[in-house]
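Coordinate analysis (summary)
What follows is the residue order along each chain.
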Amino acid sequence: MIKIGLFLLIIGLFFYQKVSSHANLLDSPYDKIYKVLDTVFDLLTRPFMNINPINIGRGVKLDVAPFIVLIILLGFMILVSRGYMNYTRF
């Protein structure tokens, strides 16, 4: 169950990043999904918002907070898949 949740969060992160600049143009089912993902990823990225964006071109900056969240989610996915976070022992 945890693997499915982590997988959905990773897929949701890509959806969130792609759609965030056009959030006000979304139709009914997708705007609800976006609002949920916005709440979740706002909580996850808030600690990393004080990191300055990386300048990758003239006037183009890259926000590193989503990459840090992706690395954390992938790390949890690896730990869960290897059985290090097995909660059935409790």
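Overview of the structure. For clarity, every value in this text was computed on a predicted model and none was experimentally measured.

**Digging into the overall build of the protein**
Across its full length, the protein holds three helices and two strands. The linear arrangement of helices and strands in the protein, starting from the amino end, is α-α-β-β-α. On C-alpha atoms alone, the protein measures out to a radius of gyration of 15 Å, which is more than a quarter above the 12 Å that the 2.2 N^0.38 rule sets for 90 residues. C-alpha extents for the protein along the principal axes are approximately 50 × 35 × 20 Å. Here the protein holds 90 residues, and 21% of them are scored as buried.

**Focus on the nonpolar core**
By size, the foremost hydrophobic cluster in this structure holds 15 residues, and its most contacted members are Leu6, Ile10, Tyr16, Phe41, Val69 and Leu73. Only helix H1 (2–19), helix H2 (28–45) and helix H3 (65–81) provide two or more residues apiece to this core. For this core, the leading source of residues is H3, giving six residues.

**Points about a nonpolar patch on the surface**
Judged by side-chain polarity, Met1, Ile4, Phe7, Leu8 and Ile11 come together as a nonpolar surface patch covering roughly 590 Å² of accessible area. Along the chain, Ile4 falls in helix H1.

Parameters at a glance
Residues numbered from 1 in each chain as written. Predicted model: local features only at pLDDT ≥ 70, side-chain atom pairs only at ≥ 80, totals over all residues. Heavy atoms only, no water. Helix = DSSP H or I, 4+ residues; strand = E, 2+ residues; numbered from the N terminus. Rg over C-alpha atoms; globule rule 2.2 N^0.38 Å. Buried < 20%, exposed > 50% of the residue type's maximum accessible area, 1.4 Å probe, protein only. Core = buried A, V, L, I, M, F, W, Y, C linked by side-chain atoms within 4.5 Å. Patch = residues over 30% accessible without salt bridge, like charges linked within 9 Å, V, L, I, M, F, W, Y side chains within 5 Å. Areas by Shrake-Rupley, 256 points an atom, 1.4 Å probe, with all protein chains shown as cover. Salt bridge = Lys/Arg side-chain N within 4 Å of Asp/Glu carboxyl O.

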